[in-house]
Amino acid sequence: MITAEYDELVAAAMEVPVEGWDFRWMSGRAEGSEPSWSYPETARAFIADADRLLDVDTGGGELLATVQPLPRQTWATESRLPNVAVARKRLEPGACCARGVSC
């Protein structure tokens, strides 16, 4: 029955601890392709001469961490509270200040 299979997949997904934007648990379960461009390379070009940077909805800071070096004044915001601690751990040892926000 399709509904039972769907319910099993949803139940399995609900048990996965998700921190930040780490979706490795979906490996083999989802199909997709990488874009032809590189987000880190594109972002680095835009922030190369920046004095300040704001990353809104940073998740766990995974993407922001890939665009090093960051401007001296870099902030990251995240509204999902479990991700705030993940972002702080990943980003605050460097130049970034990660903060939780409510929407």
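In case you missed it, the structure is sitting above this.
All figures in this text were calculated on a predicted structure; none of them were measured in a lab. (Residues numbered from 1 in each chain as written. Predicted model: local features only at pLDDT ≥ 70, side-chain atom pairs only at ≥ 80, totals over all residues. Heavy atoms only, no water.)

A. View of the layout of surface pockets. What the largest pocket holds in volume is close to 250 Å³. Contributing to the lining of the largest pocket are Trp21, Glu34, Pro35, Trp37, Ser38, Tyr39 and Leu63. When the residues that make up the lining of the largest pocket are grouped by side-chain class, the tally is five nonpolar, one polar and one charged. As a volume, the second largest pocket reaches approximately 150 Å³. Considering the residues around the second largest pocket, the lining is formed by Trp21, Tyr39, Asp55, Val56, Asp57, Thr58, Gly59, Glu62, Leu63 and Leu64. For the lining of the second largest pocket, the class distribution of residues is five nonpolar, two polar and three charged. (1 Å grid on protein atoms, 1.4 Å probe; cavity = no way out; pocket = protein on both sides within 12 Å on 5 of 7 lines; lining within 4 Å. Points joined across faces, edges and corners; volume = space filled by probe spheres on them. Nonpolar A, V, L, I, M, F, W, Y, C, P; charged D, E, K, R; others polar.)

B. Quick peek at the sheet that holds strand E2 (residues 73-78). Strand order in the open sheet formed by three strands is E1-E2-E3, with parallel pairing between adjacent strands. The sheet terminates laterally at strand E1 (52-55) and strand E3 (96-100), the two strands that pair on one side only. The sheet shows a mean angle of 15 degrees between the axes of neighbouring strands, direction not considered. Strands E2 and E3 of the sheet are contacted by helix H3 (residues 81-91), whose axis makes an angle of about 175 degrees with E3. (Pairing = 2+ DSSP bridges. Helix = DSSP H or I, 4+ residues; strand = E, 2+ residues; numbered from the N terminus. Axes fitted to C-alpha atoms, helices over the stretch in contact; angles between N-to-C directions. Contact = heavy atoms within 4.5 Å.)

C. Region of interest: the nonpolar core. Core analysis: the largest hydrophobic core is formed by eleven residues, namely Ala43, Ile47, Leu53, Leu64, Val67, Leu70, Ala76, Ala87, Leu91, Cys96 and Ala98. Counting residues per element, the ones that place at least two in this core are helix H2 (39-47), H3 and E3. Ignoring any residue separated from it by four or fewer positions in sequence, one finds Val67 in contact with Tyr39, Pro40, Ala43, Arg44 and Ile47. (Core = buried A, V, L, I, M, F, W, Y, C linked by side-chain atoms within 4.5 Å. Buried < 20%, exposed > 50% of the residue type's maximum accessible area, 1.4 Å probe, protein only.)

D. Structural detail: the pattern of salt bridges. Per the counting criterion, the structure on display carries three salt bridges. In the salt-bridge network here, residues are joined through shared partners; they are Arg88, Glu92 and Arg99. (Salt bridge = Lys/Arg side-chain N within 4 Å of Asp/Glu carboxyl O.)

E. Inspection of the pairing of E2 at higher detail. Relative to E2, E1 is paired through four bridges, and the arrangement is parallel. Residue Leu54 lies in a different strand from E2, and its bridge partner there is Trp75. Sheet analysis places E2 next to E3, joined by five bridges and oriented parallel. The residue bridging Thr74 from the neighbouring strand is Cys96, located in E3.

F. Main features of the side chain of Thr77. With respect to the element layout, Thr77 can be found in strand E2. Of the residues examined, Thr77 reaches a relative accessible area of 16% and is grouped as buried. Those residues in contact with Thr77 that sit more than four places away from it in its chain are Leu54, Asp55, Val56, Asp57, Thr58, Arg99 and Val101.

By themselves, these observations are geometric and do not establish any function.
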